[in-house]
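# Results of the structural survey
Single-letter residue listing:
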Amino acid sequence: MTNFIGLRLPLLCASFSCSCSCSSSTLLLLNKWNKGLVKAYPRRMVLGIGASFLGMASSAFQASNSFIASARINSGPSVDQILKNVEWPEQFPFKDEDFQRFDESSDALFYEAPRFVTHIDDPAIAALTKYYSKVFPPSNTPGVSILDMCSSWVSHFPPGYKQERVVGLGMNEEELKRNPVLTEYVVQDLNVNPKLPFEDNSFDVITNVVSVDYLTKPLDVFKEMRRVLKPGGLAIMSFSNRCFWTKAISIWTSTGDADHVMIVGAYFHYAGGFEPPQAVDISPNPGRSDPMYIVYSRKLPTA
Ligand SMILES: C[S@@+](CC[C@H](N)C(=O)[O-])C[C@H]1O[C@@H](n2cnc3c(N)ncnc32)[C@H](O)[C@@H]1O
């Protein structure tokens, strides 16, 4: 990882209101959408920056070479309120530069060597597994198929969980080969080719753990998710406040946890064909272990 060099960019952002490559107009839009929240919590919703990269510097190389990338939600609106009553602008509000990354070299190169590590701490993993056990179809349900996007050697599914078809899609074959829940896998760079290599209406559930922030064409990917989900199928995007920040999109690394909830909600909204997205905070020990947020939605029965 060459991340220390890149510290300059976000620290600049912390010093000024926002001088990085993310568009400040986009951040303002994030604020406008959720009217009720903005007046009470302007800084959190606008910036989320100062705390984030100071935290990042002191936490470097914790938890498998990822960095803390954003401010925790310590106060302010509860996560489950963030996507309520959002007045989405008519057009997708993000700009091309919002999806640029500090490291624009090939993802294939970055993920060439397997990383048999976990990217969040054990309590956060346990919280995610517990959440999955509540919302997943029962293990071994005939006909059920699951897609784990941006998958690796672990999917954090409940112990012993099985389905006829569990597909992992990720960048590193060695990692995917070792993943015990997968019945098949695909190596594909979604930033090069966002088209999912699956039939329409194939999956009951799509998961994506701590990786939605690496997608540079998220709207294309979310439209594809809608296409391959069965009507009523569930898409669960989970994330914490860590990432390989040189590979995360600039709108992510320049904003905080609450903004991330809004950003992922926007992906669902503008992809179309999904129920209004919802958010839930499953952080196990707020302030003491990695936070864990879920933004989820179901494909509309008519989509
Ligand atoms: C931080 S790891 C998370 C892995 C796994 N989901 C987990 O929870 O441990 C990021 C994952 O995103 C995947 N990924 C990153 N960029 C990708 C891309 N452009 N296309 C497909 N997958 C990508 C990588 O293969 C890697 O496994």
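Residues numbered from 1 in each chain as written. Predicted model: local features only at pLDDT ≥ 70, side-chain atom pairs only at ≥ 80, totals over all residues.

Identification of the protein as Methyltransferase type 11 domain-containing protein from Stylosanthes scabra is taken from an unreviewed UniProt entry.

### A short note on the overall build of the protein
Within the protein, the secondary structure is distributed over 13 helices and nine strands. Evaluated residue by residue, the protein yields a buried proportion of 47% over its 303 residues. Nonlocal contacts in the protein, meaning residues at least 24 apart in sequence, comprise 73% of its contacts between residues at least 6 apart. (Helix = DSSP H or I, 4+ residues; strand = E, 2+ residues; numbered from the N terminus. Buried ≥ 20, exposed ≤ 12 C-beta atoms within 10 Å, placed from the backbone. Contact = placed C-beta atoms within 7 Å.)

### Topic: helix α13 (residues 257–271)
Three- or four-residue spacings in an α-helix give side chains the same orientation, since the helix completes a turn every 3.6 residues. The end-to-end C-alpha distance of α13 is 21 Å, a good match for the 21 Å that 15 residues give at a rise of 1.5 Å each. With respect to burial, α13 is a largely interior element, 14 of its 15 residues being buried. Two residues or fewer past α13, G272 is found with a positive phi of approximately 80°. (Expected span 1.5 Å × (residues − 1).)

### Let's talk about the confidence of the model for the protein
Of all residues in the protein, 75% attain a pLDDT of 70 or more, and the chain-wide mean is 81. Scored below 50 in pLDDT, residues 1–26 shows 46 contacts in the model against residues more than four places distant or in partner chains. Overall, residues 34–65 carries pLDDT values under 50, and its contacts beyond four positions in sequence, including any with other chains, amount to 62 contacts. (pLDDT = per-residue confidence, 0-100.)

### Here we look at the packing of helix α11 (residues 218–228) against α13
Across the interface, α11 lies against α13 with an axial gap of 9 Å and an inter-helix angle of 60°. Judged by the inter-axis angle, α11 sits oblique to α13. As for the relative orientation of α11 and α13, their crossing is right-handed in sense. Across the interface between the two elements, P218, L219, F222, K223 and R226 from α11 touch Y267, F268, Y270 and A271 from α13. Class assignment for the residues of the contact of α11 with α13 results in seven nonpolar, no polar and two charged. (Axes fitted to C-alpha atoms, helices over the stretch in contact; angles between N-to-C directions. Parallel < 35°, antiparallel > 145°, perpendicular 65-115°, else oblique. Left-handed = near helix turned anticlockwise from the far one by under 90°. Nonpolar A, V, L, I, M, F, W, Y, C, P; charged D, E, K, R; others polar.)

### Focus: the nonpolar core
Within the largest apolar cluster, 64 residues are counted, with the highest numbers of intra-cluster contacts made by L147, I206, V261, A279, Y293 and V295. Per element, the largest residue contribution to this core is nine residues, and it comes from α13. Contacts of Y293, omitting those with residues within four sequence positions, involve V79, S238, F239, D257, V261, A279 and D281. (Core = buried A, V, L, I, M, F, W, Y, C linked by C-beta atoms within 7 Å.)

### Details of the site of the ligand
Close to the ligand lie 17 residues, the nearest being C150, G170, M171, L190 and V209. The class makeup of the residues in the shell around the ligand is eight nonpolar, seven polar and two charged. (Near = placed C-beta within 6 Å.)

### Quick notes on the environment of D220
Along the chain, the position of D220 falls in helix α11. Judged by C-beta crowding, with 17 C-beta atoms within 10 Å, D220 ranks as partly exposed. Distance in space between the C-alpha atoms of D220 and K195 is 7.6 Å, their sequence separation being 25 residues.

### Some details on unusual backbone geometry
With phi around 60°, N140 is a residue other than glycine that occupies positive phi space. Inspection of the secondary structure puts N140 in the loop between α9 (122–135) and β2 (145–149). The class of N140 is exposed, set by 11 C-beta atoms lying within 10 Å.

### Brief notes about the sheet that holds strand β4 (residues 184–187)
One open sheet accounts for seven strands, arranged β4-β3-β2-β5-β6-β9-β8; its pairing is mixed. In the strand order of this sheet, the two ends are held by β4 and β8 (278–281), each with one partner. The average angle at which neighbouring strand axes cross in this sheet is 20°, direction not considered. Of the pairings in the sheet, the one linking β2 to strand β5 (residues 203–209) comprises four bridges and is parallel in character. Its bridge partner being in β5, I146 is matched across the sheet by V205. On top of the sheet, α11 reaches β2, β5 and β6 (229–239); it is set at about 140° to β6, its chief contact. (Pairing = 2+ DSSP bridges.)

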